[in-house]
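# Structural description and commentary
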Amino acid sequence: MSDIIGIHRVTKTFGDGKSRVTALEDVSLTIRDGEFVVFLGPSGCGKSTLLRMIAGLSTLSAGNIFIDGRPVDGRDPSVGMVFQSYTSFPWLTVEDNIAFGLNLARTDRHTCREKVSRILERVSLTKFAASYPSQLSGGMQQRVAIARALAMEPKILLMDEPFGALDALTRVEMQTFLLDLRSQDRKTVVFVTHDIDEAMLLADRIVVFSPHPGRVAEIIEVDIPHPRTIEQTERPDFTQLRHRLRHLLFSMAKSAA
Ligand SMILES: Nc1ncnc2c1ncn2[C@@H]1O[C@H](COP(=O)(O)OP(=O)(O)OP(=O)(O)O)[C@@H](O)[C@H]1O
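Presented here is an overview of the structure given in this document.

Definitions and limits used
Residues numbered from 1 in each chain as written. Predicted model: local features only at pLDDT ≥ 70, side-chain atom pairs only at ≥ 80, totals over all residues. Near = placed C-beta within 6 Å. Helix = DSSP H or I, 4+ residues; strand = E, 2+ residues; numbered from the N terminus. Nonpolar A, V, L, I, M, F, W, Y, C, P; charged D, E, K, R; others polar. Pairing = 2+ DSSP bridges. Axes fitted to C-alpha atoms, helices over the stretch in contact; angles between N-to-C directions. Parallel < 35°, antiparallel > 145°, perpendicular 65-115°, else oblique. Left-handed = near helix turned anticlockwise from the far one by under 90°. Contact = placed C-beta atoms within 7 Å. Buried ≥ 20, exposed ≤ 12 C-beta atoms within 10 Å, placed from the backbone. Core = buried A, V, L, I, M, F, W, Y, C linked by C-beta atoms within 7 Å.

### Topic: the site of the ligand
- The local shell around the ligand holds 13 residues, among which Phe-14, Ala-23, Ser-43, Ser-48 and Thr-49 are the closest.
- Those elements that place two or more of their residues in the shell around the ligand are strand S2 (21-32) and helix H1 (47-54).
- Here the shell around the ligand takes 3 residues from H1, the largest share from any one element.
- Taken together, the residues of the shell around the ligand break down into 4 nonpolar, 8 polar and 1 charged.

### Notes on the pairing of strand S4 (residues 62-67)
- In terms of strand pairing, strand S1 (residues 3-14) meets S4 through 5 bridges, oriented antiparallel. When the bridges of S4 are listed, Ile-7 appears paired with Ile-65.
- With 2 bridges connecting them, S4 and strand S5 (residues 70-71) associate as antiparallel partners. Opposite Phe-66, over in S5, you have Pro-71 as the bridge partner.
- Between S4 and S5, which pair antiparallel in sequence order, lie 2 residues; one of them, Asp-68, sits at a positive phi of approximately 50°.

### Observations concerning the sheet that holds S4
- Ordered by their spatial adjacency, 4 strands build an open sheet running S2-S1-S4-S5, and the pairing between neighbours is antiparallel. Of all the strands in the sheet, just S2 and S5 have a single pairing partner and so form its edges.

### Let's talk about the packing of helix H4 (residues 138-151) against helix H5 (residues 168-184)
- The geometry of H4 relative to H5 is characterised by a closest axis approach of 9 Å and an angle of 30° between their N-to-C directions. Judged by the inter-axis angle, H4 sits roughly parallel to H5. The two elements H4 and H5 meet at a crossing, and its hand is right-handed. Where H4 abuts H5, its residues Gly-138, Gly-139 and Gln-142 lie against Thr-170, Glu-173 and Met-174.
- For the contact of H4 with H5, the residue count by class is 1 nonpolar, 4 polar and 1 charged.

### What to know about the sheet that holds strand S10 (residues 215-221)
- The strand order across the open sheet formed by 6 strands is S6-S7-S8-S3-S9-S10, and the pairing between neighbours is mixed. Either end of the sheet is taken by a strand with one partner, and the two such strands are strand S6 (79-82) and S10. Averaged over all adjacent pairs, the angle separating strand axes in this sheet is 20°, with direction ignored.
- Pairing geometry for strand S3 (residues 36-40) and strand S8 (residues 188-193), over 5 bridges, is parallel. For Val-38, the partnering residue across the bridge sits in S8 and is Phe-191.
- Docked against the sheet, H1 engages S3, strand S7 (156-160), S8 and strand S9 (205-210), running at close to 150° with respect to S8.

### With respect to the pairing of S9
- Of all 6 residues that make up S9, 5 are buried, and the element is covered over most of its length.
- In this structure, S3 lies alongside S9, joined through 4 bridges in parallel fashion. Looking at the pairing, Val-37 lines up with Arg-205 of S9.
- Here S9 pairs with S10 via 6 bridges, running antiparallel. The residue bridging Val-207 from the neighbouring strand is Ile-219, located in S10.
- Between S9 and S10, which pair antiparallel in sequence order, lie 4 residues; one of them, His-212, sits at a positive phi of approximately 50°.

### Considerations on the nonpolar core
- If you look at the biggest cluster of nonpolar residues, it comprises 64 residues, and the most contacted ones within it are Val-38, Phe-39, Ile-54, Ile-98, Ala-147, Leu-158 and Val-190.
- The leading source of residues in this core is H4, at 8 residues.
- If sequence neighbours within four positions are ignored, Ile-54 has contacts with Ile-5, Ile-65, Val-72, Leu-158 and Val-190.

Take a look at the structure:
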């Protein structure tokens, strides 16, 4: 697998003087094409900040980020983003939400309609094409957000705690949905969470961040074969990994206290 995202010695500070916060310090990391990487860590360790910098939504204080060998310089059409909050336009139907970016990119009507109907099928929302987001459950609204991102055919999908606002059952359903979706096309995904089980279920590699300032504490390969299911999380290898990650996060919290 070739490298698709290169993060070299990245530091990010916010504010000046006494209010200066170093969100990330000297972070380096390489993400391979087709890899599913999860950023895991306690609140405030800079996971979202790093994701936003990869997306070109936030500037770097020092260091470089490359996508496909090119330095990130603003929004890149090869990068799609899904956030925790439901980001669909409430005044547009599901299909118009999905078509929104395609229309902005002046995609012709026939291609647009074809793409939207294919994506609606992929996210199992064909029956809800004419519904408005407020008529859908939280999980369905997040599927609309994912569909909107997928419509632009990004090479990289950045997901910032996309299931963080969902109830436990819907969250598991969405994790399974994302695993299925990803088995169809091996897009590069960078996914932020503070949920250990979510990280283990989804990731090829887990990057554990430590806080104040945010640094890479450890990078863990998840060697558990695909297809993964929620039932597998009771397996001994999952249990062992869960213990290791818990220990790592708790020891960081203790030393920060
Ligand atoms: N726009 C901003 N202005 C000032 N400080 C900020 C800004 N954005 C983030 N920070 C600070 O940078 C640090 C890292 O924040 P960030 O949101 O990236 O962490 P996180 O690991 O994603 O946390 P969470 O899981 O709670 O979202 C925090 O101390 C936060 O207060």
